[in-house]
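# Summary of structural features
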Amino acid sequence: MRFRLHSEMKILALISFLIPLTAAAKEDIHYVNPLIGSTAGGNVFAGASLPYGLAKPVADVDGQNTGGFSTDGSNVTGFSHMHDSGTGGNPSQGQFPVFPQLCRDNIVDNCNFSKADRATHYVEDSVIARPGYFALQLDNGIKAEMTAAERTALYRFTFPETYALNGSMLDPLILFDLTDLWDSRQNASIGIDADTGRVVGNGTFLPSFGAGSYRAFFCADFAGAQVRDTGVWVNDRAGSEPKELYVTRGFNNFYLQAGGYVTFERPDDGVVTVRVGVSYLSSQQACANAEAEVPDPIPDFGRLEREAIDAWAEKLRPIKITSGGVSDTMLSAFWSGIYRTMLSPQNMTGENPLWESAEPYFDSFYCLWDQFRAQLPLLTLIDPDTQTKLIRSLLDTFKHEGWLPDCRMSLCKGWTQGGSNADVVLTDAYVKNLTGVDWDLAYKAMVNDAENEPLEWSYEGRGGLQSWKRLNYVPYLDFDYLGFGTNSRSISRTVEYAYNDYGIGIVGKGLDKEENAKYFSRANNWKNLFKADQTSFLENGTNTGFTGFFQPKYLNGTWGFQDPIACSALASWCSLTSNPSETFESSIWEYLFYVPHDMAALIKLLGGPDSFVKRLDYFHNSGLADISNEPVFLTVYQYHYAGRPALSTKRAHSYIPQSFNGSHNGLPGNDDSGAMGSFVAWSMMGLFPNPGQNVYLISAPFVEAVEVTHPTTGCTATIRSTNFDPNYQRVYIQSALLNGQPYTKNWIGHEFFTQGMTLELTLGEQESDWGTRTDDLPPSFSDVHVQDEVKGAREWTVTMGH
């Protein structure tokens, strides 16, 4: 670990030396390290990208390659142009990789074509990753550098001086492979212009976590070297004729490997520049994208780097921190986490072949079940313009496909994980007064989720709605003839549907809709699966000492059984495809705490604040808590609802920096499009959202001061700590001032940011009574009787913020 951190400090120093930083970027951009989470299952995209950019070039490896590249020491198999970041499941995208080679004796068939044969190790100390730039050197001496425009990847390959046996210098060869990262290609074609060397192609591929298929297109041109020959290759052989090729998947388990190649006369400087435009519309559009964005590839390489730095600096500009002596690795974890929240979703406006629309189109919502908890609330704060476009994109998808997506990638419908959590995304934006959204359309889309069951609820909408409306829970082994999906997750769907319906009630109330009583009523349905006498034992037979857990329930109202520790970090993994259960990717222990809208009722049900704290402590201390997955996020801060906010701070410090830090393995699980990164960012800023509500839970920041300038209002909110301790001994809030006046509530509303308030926290080494009184606790549904006592959601959330 010491060697790893020392190496990363050298990388940070090198980055700060190499990048020509603008004044606005000096305090933040040089801390961004795209390699955090590049091994040990973080699955981050470590390559070059603009914020929300479609083109994402990086080296692809044959090891941990879900995001393309990994610092796991595996071999490079190619350099491809589109990726997702931090996803689980199958590797995503990575279509049409290029690979540079030198063929022995300048004989094309002496080159290696298949992935396995051409795989080449990279020099570990050669890897450089920073916003908008990625580089490494292969063991064979070829150096690869890459940068990106919005829809164009630009590569610079430097070939060493290598000689054949007859003394002639070897000429560069660059091949294109008609495949993707996990070899899902169904069919593909390629064509090469013999005179110019231009390569165009397309292919049909499968989404990595969804249904259907998608077509992608590319257009590649070369600069800096004279084309010598062109051709195609199939399996292990190549030929200069023909210049076009069409391939299918292959027969049974035999995956047909094929593509094209271009050879060059070696230029004096050994550099061949490759420009690759990408598109989901056509190869012609891919060419047009490349020509418009990168008209002069050789000098444009430096320009794209600079523009990427400027673009990222602008996105990070709303936040300013005073470190107070915190280590550079901690600052790197913070800024890198924020950076990764803006790699996805990807802006594909104008690249959607499925329907014509003037609305924005974003893709790679992968998945909202992960993103709604911390990532998208962070964008609502620091990039509300893009968040508005994301929501408009979700609503436009509803208009044209009939349903709000819960997960979507590569133009395909992704698998629904729990509830219809686009509802939470919309509610969160509504209560935080996000403008530019058709809220009547949003409400219509949310009601559609709650009232209409699709035929295939495995990838859209909700299943089990007959039972949900009649029995007020989703039954175990439900009889559902209206639609079809994986008949599991009855517990997680019940508690998530309850929160989804709460959100519909909130938005509907704010819009003066008349039918909200039933949605507020359904918000209580989580109680119907609580079995008061259910006990829990560890696998060794030890009684956990706690009674009362959710349990599955049959259609006839009798109880089923799922071990409360099943699917926890102490037991077996549960997902849609691996050991499906009544909870999704999480245990009953973990889902027990998912009542985000009515924590007061949950705490009462579990025996009161002291009993709740003991149970929450046991959950985290025993290993039952799975910090590598998003459902655990809010549990870190739920001590606030029991009047013990200091314990939330203590719990956050138990995970940061132990599980979240600035090392290559500095994420406990896959980043899920920036979800893990946003958890770090919120935690270090000292506020954590309860998404779908105008509630930020106040904790002690990990830095001395944080300033957030709201991009819409221009007002600057400040969180400042007195007695700040960079060694984190003094982390407990003793008292607080809001705009100079005593403030005892342990939470605050979004108006803190939009109005530019100042929160001053005095810190000490011991837990105090700050934020512990009943009047100091965050609002709960059953306490404030939202459905009866307010005129509108926004009025309530703003009122409760003061």
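You'll find the chain entered in an unreviewed UniProt entry as Putative alpha-mannosidase, with Penicillium oxalicum given as the organism.

Here the focus is the overall build of the chain. For the chain, the count of helices and strands is 22 helices and 32 strands. Against the compact-globule benchmark of 28 Å for 802 residues, the chain has a radius of gyration of 27 Å, which places it among compact chains. Split into buried and exposed, the 802 residues of the chain put 64% on the buried side. Intrachain contacts of the chain at a sequence separation of at least 6 include 69% that bridge at least 24 residues. Carbon and sulfur atoms form 48% of the exposed surface of the chain, whose accessible area is close to 26,700 Å². Here the chain holds 59 positive side-chain charges and 92 negative ones, and the gap between their average locations is 3 Å.

A word on the sheet that holds strand β28 (residues 716–722). Read from one edge of the open sheet, six strands run β18-β27-β28-β32-β29-β30, paired in mixed fashion. Strands with a single pairing partner mark the edges of an open sheet, and in this sheet they are β18 (319–322) and β30 (741–742). Across two bridges, the pairing between strand β29 (residues 732–738) and β30 is antiparallel. The residue of β30 that forms the bridge with Leu738 is Gln741.

The next subject is helix α8 (residues 384–401). Over its 18 residues, α8 runs 25 Å from end to end, which matches the ideal 26 Å to within 8%, given 1.5 Å per residue. The first or second residue beyond α8 is Gly402, which carries a positive phi of 90°.

Considering all chains together, one arrives at nine cavities of 30 Å³ or more under this definition. Residue lining of the largest cavity: 13 residues in total, with Phe372, Arg373, Tyr594, Leu634 and Pro691 positioned closest to the centre. Across the lining of the largest cavity, the residue classes tally to ten nonpolar, one polar and two charged.

Attention now goes to the UniProt feature "domain: Glycosyl hydrolase family 92 N-terminal" (unreviewed entry) in the chain. Following the UniProt record, the feature "domain: Glycosyl hydrolase family 92 N-terminal" (unreviewed entry) maps to residues 31–279 here. As annotated, residues 31–279 comprises 2% helix and 41% strand, and the C-alpha atoms at either end are separated by 32 Å.

This part covers the domain arrangement of the chain. Domain assignment breaks the chain into domain 1 (24–314) and domain 2 (318–790). Between domain 1 and domain 2, the residue contacts involve 53 residues of the former and 54 residues of the latter. Together, the buried faces of domain 1 and domain 2 total about 4,000 Å²; carbon and sulfur atoms form 59% of this surface. Run the count over domain 1 and domain 2 and you get zero salt bridges. Across the domain 1-domain 2 interface, the total number found is 26 residue pairs in polar contact (both at pLDDT 80 or more).

On to the state of the cysteines, then. The tally for this structure, following the rule as stated, stands at four disulfides. Each disulfide pairs two cysteine sulfurs, and for Cys103 the partner residue is Cys111, the sulfurs being separated by 1.9 Å. When the S-S torsion is -100°, as for the bridge of Cys103 with Cys111, the disulfide is left-handed. The pair Cys103 / Cys111 is uniform in exposure class, with both members buried. Between the sulfur atoms of Cys219 and its disulfide partner Cys287 the distance amounts to 2.1 Å. Taking the sign of the S-S torsion, about 95° here, the bridge from Cys219 to Cys287 comes out right-handed. Note that Cys219 is positioned in strand β12 (residues 214–223) and Cys287 in helix α3 (residues 283–293), a separation of 68 residues in sequence. Side by side, Cys219 and Cys287 carry an identical accessibility label, which is buried. What links to what in the chain: the bonded cysteines, counted in sequence order, pair as 1-2, 3-4, 5-6, 7-8. Cys412 takes part in no disulfide bond, and the closest cysteine sulfur, belonging to Cys407, lies 11 Å away.

Now for the packing of helix α9 (residues 422–431) against helix α10 (residues 439–451). In the contact formed by α9 and α10, the axes pass within 10 Å of each other and the chain directions differ by 150°. Taken together, the axes of α9 and α10 lie roughly antiparallel to each other. Where α9 crosses over α10, the handedness of that crossing is left-handed. In this structure, α9 uses Asp423, Leu426, Thr427, Ala429 and Tyr430 to contact α10, whose residues at the interface are Trp439, Ala442, Met446 and Asp449.

All right, on to the sheet that holds strand β26 (residues 696–698) then. Within the open sheet, the three strands sit side by side as β25-β26-β31. Their pairing is antiparallel. What marks the edges here is a single partner per strand, and that holds for β25 (687–689) and β31 (747–748). By the bridge criterion, two bridges tie β26 to β31 in an arrangement that is antiparallel. Along β31, the bridge assignment pairs Leu697 with Trp747. Against the sheet, helix α18 (residues 675–685) contacts β25 and β26, and its axis sits at roughly 135° relative to β25.

Take the pattern of salt bridges next. Taken as a whole and judged by the stated rule, the model has 31 salt bridges. Asp440 is the partner of Lys513 in a salt bridge, and the nearest nitrogen-oxygen pair spans 3.5 Å. Pair noted here: Lys513 is in the loop between α12 (490–510) and α13 (516–522) and Asp440 is in helix α10, with a separation of 73 residues, a long-range link. When the shortest N-O distance is used, the salt bridge between Arg651 and Asp617 registers 3.0 Å. Placement of the pair is Arg651 in helix α17 (residues 645–655) and Asp617 in helix α16 (residues 609–621), with a sequence separation of 34 residues. Judged by its relative accessible area of 11%, Arg651 is buried. Judged by relative accessible area, which is 22%, Asp617 ranks as partly exposed. Here the salt bridges share partners, and the residues they tie into one network are Asp423, Glu451, Arg462, Lys469, Asp501, Lys518 and Arg522.

Between two aromatic rings, the relevant description is the distance of the centres plus the angle of the planes. Scanning the entire structure with this criterion turns up 48 aromatic pairs. Ring plane angle 40° and centroid distance 4.6 Å describe the contact between Phe96 and Phe218, whose orientation is recorded as tilted. With a gap of 122 residues between them, Phe96 in the loop between β2 (75–80) and β3 (98–102) and Phe218 in strand β12 connect regions that are remote in the sequence. With a centroid separation of 5.0 Å and 75° between ring planes, the pair formed by Phe334 and Trp335 is classed as edge-to-face. By relative accessible area, which is 2% here, Phe334 ends up buried. For Trp335, a relative accessible area of 1% puts it in the buried group. Put simply, the rings of Phe96, Phe176, Phe205, Tyr214, Phe218, Phe222, Phe264 and Tyr280 touch in pairs and so form one group of aromatic residues. Here the basic side chain of Arg156 rests over the ring of Phe301, its NZ or CZ set 3.9 Å away from the ring centre. Taking the ring centre of Trp369 as reference, the NZ or CZ of Arg373 above it sits at 4.7 Å.

The rules we used
Residues numbered from 1 in each chain as written. Predicted model: local features only at pLDDT ≥ 70, side-chain atom pairs only at ≥ 80, totals over all residues. Heavy atoms only, no water. Helix = DSSP H or I, 4+ residues; strand = E, 2+ residues; numbered from the N terminus. Rg over C-alpha atoms; globule rule 2.2 N^0.38 Å. Buried < 20%, exposed > 50% of the residue type's maximum accessible area, 1.4 Å probe, protein only. Contact = heavy atoms within 4.5 Å. Areas by Shrake-Rupley, 256 points an atom, 1.4 Å probe, with all protein chains shown as cover. Lys, Arg positive; Asp, Glu negative; His and termini not counted. Charge placed at Lys NZ, Arg CZ, Asp CG, Glu CD. Pairing = 2+ DSSP bridges. Expected span 1.5 Å × (residues − 1). 1 Å grid on protein atoms, 1.4 Å probe; cavity = no way out; pocket = protein on both sides within 12 Å on 5 of 7 lines; lining within 4 Å. Points joined across faces, edges and corners; volume = space filled by probe spheres on them. Nonpolar A, V, L, I, M, F, W, Y, C, P; charged D, E, K, R; others polar. UniProt positions renumbered as here; feature names shortened; annotations may be inferred. Domains from an automatic or database assignment. Buried area = accessible area lost by both parts, 1.4 Å probe. Salt bridge = Lys/Arg side-chain N within 4 Å of Asp/Glu carboxyl O. Polar contact = N/O pair within 3.5 Å; in protein donor to acceptor, adjacent residues only side chain to side chain. Disulfide = S-S within 2.5 Å. Axes fitted to C-alpha atoms, helices over the stretch in contact; angles between N-to-C directions. Parallel < 35°, antiparallel > 145°, perpendicular 65-115°, else oblique. Left-handed = near helix turned anticlockwise from the far one by under 90°. Phe/Tyr/Trp six-rings, centres within 6.5 Å; stacked < 30°, edge-to-face > 60°. Lys NZ or Arg CZ within 6 Å of the ring centre and 35° of its normal.

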